[in-house]
Structures are given as structure tokens and as C-alpha cells.
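Single-letter residue listing:
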Amino acid sequence: MTLLLKSVASLKLTFVGLVLLIANAFAVSQWPGAAIPWLVLPLSVLALNLLAALLVRHAFRQQAALLLFHVGLLVLLMLVAAGVLLRFDASVEVVEGTAFDAATVTPRGTGWLHSDKLDEVQFVQGPLEVRYLSGLRRDTTHSRVFLTRPDGSEIERDIGDRQGFSSNGYRFMATFNKGYSVLVQWRDLSGRETIGAVNLPSFPEFEWKQSNEWITPAGESLTLELKLADRIPEDRPWLLRSRDVDYEVGIVGSGQFEATAGPGQSVAVAGGEITIVDLRLWMGYRIDYDPLLPWLLTAAFLALAALGVHMAQKFAAPRAADSAVAAGGEQAA
Amino acid sequence: MSMAMERTTLVAAVTGFAVVLALDVLLRRSGKPAWPTVSGGLAIVMALLTVAVAGRWLRESQGPFLTLYDVLLSNLFSLTLVYLVAAWLVPALRTASAIVSGFLCVLGVWSLTVSAEAVPLPATFDNPWLWLHVTAGKLFLGLCLAAAATATLLLGRRASAAPDSGEMDAAVWLALSLAFVCHSFMLIAGAIWAHSAWGRYWAWDSLETWTFITWLCIALLLHARVTFRRMPVAYGWSAVVAIFGLAILTFLGVPFLSVAPHKGVM
């Protein structure tokens, strides 16, 4: 058993593991989609090698800083692996004045062990403003959200490019993705009314195609196109917001049906009537969940500090450290 | 400072590197002490580069982080500064000053051939962790340059086996080890910045992957030095030079060849 452990703890195996890891990291650079499978084997080899070294290499254990650095790496590896299993990564668009709805979230990655608590997150999207400098250079983003805490109390937060918010462990970060949303009211032939929002493509990135398809509750496919009265001024600062915007909405349906409606105006279409209620903005958020992040950061800084101390000790007394490591290397071999 | 003034200052700095290189070679050939002249010359060049970087910074109201020109200009400044400080603290590194000046001269000529037009910094770049990330990266590259230049000189001298080779060898490994610490901190600070800017701490984009490969290569070399103790010293020196080459490709090549999101989410 000890012989097996000593073989696994060999520095030569560390060398092989690192070469494998470099080769696989290179493979990741060529085929980025396959990152995790490529790295599991070499990382597992290195983790086993290090665990065995911790058990059998006495000289290794005598160098506390070097030991702590390697233990830190091992802990980092385990935390990253656990984080991959627990993580949740998604995006969502939330319209001003509406509540976050977990059903509208688009997942991008869900860990096998992730326990979904996203439907417990409650917030209402408040007013949104994005400042642009002249030349259409994006400056600051201010997205106000009204967050409901677990005890039922409400808190207002101003979310920007660097300031997200967390709820139930889910971190919401504002993205560069945002745009207009046309709030429409649908009245069917029996007089029943429903209100919905049609999100248009990201603005101003897709200023040239501000249209989207909407299927009415009667099953009619309509294309809503936003027609802004003013173009974006590129020679001076500009503020993207939903207030004080002069607009109309073009409505195109089947059978060459075409109409234009301003705010508050209605248009009769097949199966009912559509009224343009308001123009709002939608904000795109990135959602991520990784409960181990604080531990990951702590382990990373501990490992770094240990590495720094080890190097300081090594170069303060190079001969002593070298002979100790050499003795360890010979024992392992 | 106008763009024309900035370019003139940069031309003067690049010329300064060439003059320092020529003086270095001449003084060493004549057997006179080169370091006082070389360090003084490099300090003057660094003063010129400080003026160029500061002038650009004030004019554009943003740090030199984004374009290839920004990165080359700021690296000329930081590499010179780090080398001067490292060589002041570790005299064995002074012997490679001609190689360092030559390399910086080439880098300077390269910076004169690329577009100096500024690109607006994305809002997500306005983060203190970016500063720490970049500072650690520049320390890493500067220490790596000192190690690689000294290793190159040792490789050239191998046959003659100069008496100061032992000190120079120790200086190479000291500089590389400190570079490894700086690289590790750069990775951590970069991950924190990325998490704040883009909502993820690691995404295997081209620059991240190649930076990780560079870190692994240094770890491999430091391990190999302990594992294969009878390995010819020249192998180790060659590997140090190769790692510096990889680092240059990673920091000055990958970000400008790929369309990775590391360039900034606009």
C-alpha cells in the first residue's frame, strides 16, 4: 500500500500530469466548447498525485508554506468541481414596471446538483436609463429594481455596469443588452382584455430593425415595428430611457394588413382589437449562481500568500530549501 | 499633449533604447563598467516613456489598456521600470542589459508601426481589480524579461563558463519564481474583475486559456527543476527563454488576433 502511495506521489507523475494538463488546455483553446471533459483526466491525476504526496512525503510536509500552497490548489480544484455541479447560468429580459418571472429565464448552463430556487426570487423592474457620450459611446447604466426580501420587506437598488444584486444566492448582473418593449392591450370579440409586452431587439445595437412578431390570443401573427420620430444624435450625449419618446407602432398582419398606431390608439385586427398602451424599456440580466465563490476566493488568496512565503523562504535560504526538496524528490522517486 | 508630441516622445525613447544598446556593447567590449551608463540611459528613456504614457492618459482620459498600441506603450514603460528595479536589487541581472535594451528597442519600433488611435474604454473596465490585474501582469512580464535575458546570455556563454554564471543562474530562477507569484495574482485579480464585469470568473476565452497555459508551463519548469536535478542547466535556461516567448505571444498576440470577449463587452 505504502509502495503504491509512493508511486502515486512521484514527482515524475506530477510532471506527466502537468504535461497532460498543458496539452489538454491547448486542446481547449482549439475546441473551447469541450473545456471540462478535456481537463478532468489530468486534473484527477494531479489531485491524486498531490493527495498521495501529502500522505507519504515527509520533506514536503516540513515546508509549511509549500504544503499550504499545494493544499490550497487542491481545495481550489475541489471547489471549482463542486461549483460546476452546483452552478446555474442564465439570462433574462425584464420590462420596466413588471415583476421578474422565473418562467421567462433562458438557462445557459445548469449543474447536475443545482437545486432550482429561482421562482422564489421576487423583484420589480423600475425605471431604466443608459447614458451615452457623443459618438454613441455607452457611459453609465442605471437600472432601478425593487427587491422583495425573504421577510417580505422591499428594498430599492440601483444596478449598474459593475453593481449587480443578489437574491436567494442568485446574482443578477446588468448586461449591455437592453431595448424597447411595446406594451399592448388585447381585447377579444367578447370584450375580454389582456395586457402583454412585446420586446424588440437590443437598442441601439439593432436600431435598424426594431420589429418583432407577436401572436395574438386569437392566434393571429402580427409584426409590430417601432417607428421612432427622432434618430439617435451621434454628435452629442444622449440618454436612453422610455419617458418622453415620440413614437408610433406599425402593425403588419396577414393578407397585406397594415396599420399604424400611436400611444393610446387602437387597431382592429382579426379576432379582436390591439391598443398601444405604452413604450417601456427591457433590461437584459445575466444570472449566475455559485454558492462556493467566497470560499474559492479565500482558497485562492491563501494559496497565493503561501506561495509568496515559500518563495521568500526559498530565496532567503536557497541552499537549505533546495536540499530539503531534493531529499523529498529522492524519497518520492 | 498632442498626438504628434506623443509620437515624437516615443521616437525619442526608441532611439534612446538603441543608443543605450550601442553604448552597452561598446563599453563591455572595451572592458569598462557598463551599468552606470546603461542604467542612467534607461532611466532617461523611462522618463520619456512616462511623459508619453501620462500625456496620452490625460488626453484620452483613460488608461492604456485596450489597443495594441496602448499595450505596447505601457509595456515599454513597465518593462523598463521593472528591469531597472530588479537589476538594482539583484546585480547579477545587470549583465543582460544589452539583451533587454535590444528587446525593448524592437518592441518600441513595433509600437511605432501600429495605429495610435484610441478606442473608448467600455464601462465594465472601470474597476479597481483591473488595475491590480494589469499591474500584476506587467510585473510578471518585466520579471520574465529579466529572467529570459539573463538566461539567453548564459546560453551564449555556456562554452566559456564565466565565473559569475552561478549568480546569474540563481538570479534567473529568482526572477522566474517571483514572476510566477505575480502571474498567480494576475489570474486571481483577473478572475475577480471578470466576475464583476461579465458575470463569470473564467470562460476559457483565448487569452484566459493561453494565460493559464503560460502559468502551467512555469509550474512545469519549476517542478522539472526539482524532479530532474541532473538535467543540463542549459535545458532550464532554454525553457525560461521559451516561456518568455510564450508570454509575449499570449499578452501581445492572442488579445489582438482573437475576437474573444476579453477585448471588452461594448
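The structure under discussion appears in the preceding block.
Reading the values: the criteria
The residue numbers shown here count from 1 along each chain, following its written sequence. All chains are assigned letters beginning at A, and all ligands numbers beginning at 1, according to the order in which they are written. Under the rules for a predicted model, residues below a pLDDT of 70 receive no local features and side-chain atom pairs below 80 are neither given nor counted, while totals for whole chains, interfaces and linings still include all residues. The basis for the side-chain values is all heavy atoms of the structure; hydrogens and waters are excluded. A run of H or I in DSSP becomes a helix once it reaches four residues, and a run of E becomes a strand once it reaches two; helices and strands are each numbered from the N terminus. Relative accessible area decides the class of each residue, using a 1.4 Å probe on protein chains only: under 20% of the type maximum gives buried, over 50% gives exposed, and in between gives partly exposed. Two residues qualify as a contact provided that any one of their heavy atoms is within 4.5 Å of a heavy atom in the partner residue. The definition of a nonpolar core used throughout is a set of buried Ala, Val, Leu, Ile, Met, Phe, Trp, Tyr and Cys residues joined through side-chain atoms within 4.5 Å. A simple way to read buried area is as the amount of 1.4 Å-probe accessible surface that goes missing from two parts once joined, with both sides added. The salt bridge definition used is simple: a Lys or Arg side-chain nitrogen within 4 Å of an Asp or Glu carboxyl oxygen. Counting of polar contacts relies on pairs of N or O atoms within 3.5 Å, with two restrictions inside protein: one atom must be capable of donating a hydrogen and the other of accepting it, and residues adjacent in sequence are counted only when both atoms are side-chain atoms. Under the grouping applied here, Gly and all other residues not named as nonpolar or charged are polar, the nonpolar ones being Ala, Val, Leu, Ile, Met, Phe, Trp, Tyr, Cys and Pro and the charged ones Asp, Glu, Lys and Arg. DSSP-based pairing: two strands are paired if at least 2 bridges between them are found. Only the stretch in contact is used when fitting a helix axis, every axis being a line fitted to C-alpha atoms; angles between N-to-C directions are given from 0 to 180 degrees. Each patch is built from salt-bridge-free residues with over 30% relative accessible area, joining like charges within 9 Å and nonpolar side chains (Val, Leu, Ile, Met, Phe, Trp, Tyr) within 5 Å. Here, Shrake-Rupley sampling with a 1.4 Å probe gives the accessible areas, and only protein chains in the shown set may cover a residue. Angles below 35 degrees are treated as roughly parallel, those above 145 as roughly antiparallel, those between 65 and 115 as roughly perpendicular, and all remaining angles as oblique. Ring geometry is summarised as follows: Phe, Tyr and Trp rings, the Trp one being its six-membered ring, pair when their centres sit within 6.5 Å, and such pairs are stacked at plane angles under 30 degrees, edge-to-face over 60 and tilted between the two.

A.B. asks: Just to check I follow, could you spell out the environment of F123(A) for this structure?
C.D. replies: All names here are of chain A. As for its placement among the helices and strands, F123 is situated in strand β3 (residues 123-133). Residue F123 is classed as buried on the basis of its relative accessible area, which comes to 2%. Between the C-alpha atom of F123 and that of G219, which follows or precedes it by 96 residues, the distance is 31 Å. Not counting chain neighbours up to four residues away, the residues in contact with F123 comprise V94, T98, A99, F100, V145, F146, L147, F165, F172 and Y285.

A.B. asks: In this structure, what is going on with the nonpolar core? I would like to understand it.
C.D. replies: Across soluble globular proteins, you tend to see nonpolar side chains buried next to one another. Core analysis: the largest hydrophobic core is formed by 103 residues, its most contacted members being F17(B), L49(B), F140(B), L176(B), F180(B), L216(B) and V240(B). For this core, the leading source of residues is helix α6 (residues 165-198) of chain B, giving 14 residues. Not counting residues within four places of it along the chain, the set of residues in contact with F17(B) comprises L42(B), V45(B), L49(B), L76(B), T80(B), S101(B), L104(B) and C105(B). Of all hydrophobic cores here, the second largest spans 48 residues; its members include L118(A), L128(A), L200(A) and Y247(A).

A.B. asks: Help me understand the interface of chain A and chain B, please; the structure alone is not making it clear to me.
C.D. replies: It is common to report an interface's size as the accessible area lost on association of the parts. Taken residue by residue, the interface counts 43 residues in chain A and 42 residues in chain B. Between chain A and chain B lies a buried interface of about 3,700 Å² when both sides are counted; carbon and sulfur atoms form 76% of it. Inspection of the chain A/chain B interface yields zero salt bridges. The tally of links from chain A across to chain B stands at two residue pairs in polar contact (both at pLDDT 80 or more). Elements supplying a minimum of two residues to the side of chain A that touches chain B: α2 (11-30), α3 (35-56), α5 (64-86), β4 (137-148), β7 (170-188), β15 (272-289), α6 (293-316) and α7 (318-332) of chain A. Counting residues per element, the side of chain A that touches chain B draws most heavily on α2(A), which supplies 12 residues. When the residues that make up the side of chain A that touches chain B are grouped by side-chain class, the tally is 28 nonpolar, four polar and 11 charged.

A.B. asks: Which parts of the structure should I look at to understand the environment of P217(A)?
C.D. replies: Residue and element names in this part refer to chain A. Residue position: P217 is located in the loop between β9 (211-215) and β10 (221-228). Taking the relative accessible area as the measure of exposure, P217 reaches 57% and is therefore exposed. Here the alpha-carbon distance between P217 and M173, two residues 44 residues apart in the chain, equals 33 Å.

A.B. asks: So what exactly am I meant to see when it comes to the sheet that holds β3(A) here?
C.D. replies: Across a sheet, strands are paired by hydrogen bonds formed along the backbone, either parallel or antiparallel in direction. All names here are of chain A. Strand order in the open sheet formed by four strands is β5-β4-β3-β11, and the pairing between neighbours is antiparallel. A strand with exactly one partner marks an edge of an open sheet, and here the two such strands are β5 (154-159) and β11 (238-240). Strand-to-strand twist across the sheet, computed as the mean angle between neighbouring axes with direction ignored, equals 15 degrees. Bridge count between β4 and β5: six bridges; the pairing is antiparallel. By the bridge assignment, F146 is partnered in β5 with E156.

A.B. asks: Teacher, can you tell me more about a nonpolar patch on the surface here?
C.D. replies: Taken together, L81(B), V85(B), W88(B) and L89(B) make up a surface patch of nonpolar side chains, about 430 Å² in accessible area. The topology assignment puts L81(B) in helix α3 (residues 68-89).

A.B. asks: I'm lost on the pairing of β7(A) in this one. Help?
C.D. replies: Residues in a regular strand point their side chains to alternate faces of the sheet. Residue and element names in this part refer to chain A. The buried fraction of β7 is high, at 15 of 19 residues. Here strand β6 (residues 165-167) pairs with β7 via three bridges, running antiparallel. Directly across from S166, in β7, lies its bridge partner R171. From the end of β6 to the start of β7, which pair antiparallel, there are two residues, and N168 there has a positive phi angle of about 55 degrees. Where β7 meets β15, 15 bridges bridge the pair, whose relative direction is antiparallel. Paired with W186 across the two strands is I274, which belongs to β15.

A.B. asks: What is the right way to read the packing of helix α7 (residues 206-227) of chain B against helix α8 (residues 233-252) of chain B from this model?
C.D. replies: What describes two packed helices is the angle between their axes and the distance between those same axes. All names here are of chain B. Axis separation between α7 and α8 bottoms out at 10 Å; the angle between their running directions is 170 degrees. Taken together, the axis directions place α7 and α8 in an arrangement best described as roughly antiparallel. Where α7 abuts α8, its residues L207, W210, T211, I213, T214, C217, I218 and L221 lie against G236, A239, V240, I243, L246, A247, T250 and F251.

A.B. asks: When you look at the pattern of salt bridges in this model, what are you seeing that I'm missing?
C.D. replies: For the coordinates displayed, the defined rule picks out 18 salt bridges over all chains. In this structure, D89(A) and R108(A) form a salt bridge, with 3.9 Å as the shortest nitrogen-oxygen distance. Taken together, the residues D89(A) in strand β1 (residues 88-95) and R108(A) in strand β2 (residues 106-110) connect sequence positions 19 residues apart. The exposure class of R108(A) is partly exposed, given its relative accessible area of 49%. It is possible to trace a salt-bridge network through shared partners that takes in E6(B), R56(B), R59(B), E60(B) and D70(B).

A.B. asks: So what exactly am I meant to see when it comes to the packing of aromatic side chains here?
C.D. replies: Residues and elements named next belong to chain A. For the structure shown, the criterion picks out 30 aromatic pairs over all chains. Ring geometry for F123 versus F165: centroids 5.0 Å apart, planes at 75 degrees, classification edge-to-face. One end of the pair, F123, is in strand β3; the other, F165, is in strand β6, and 42 residues separate them in sequence. Residue F165 is classed as buried on the basis of its relative accessible area, which comes to 1%.

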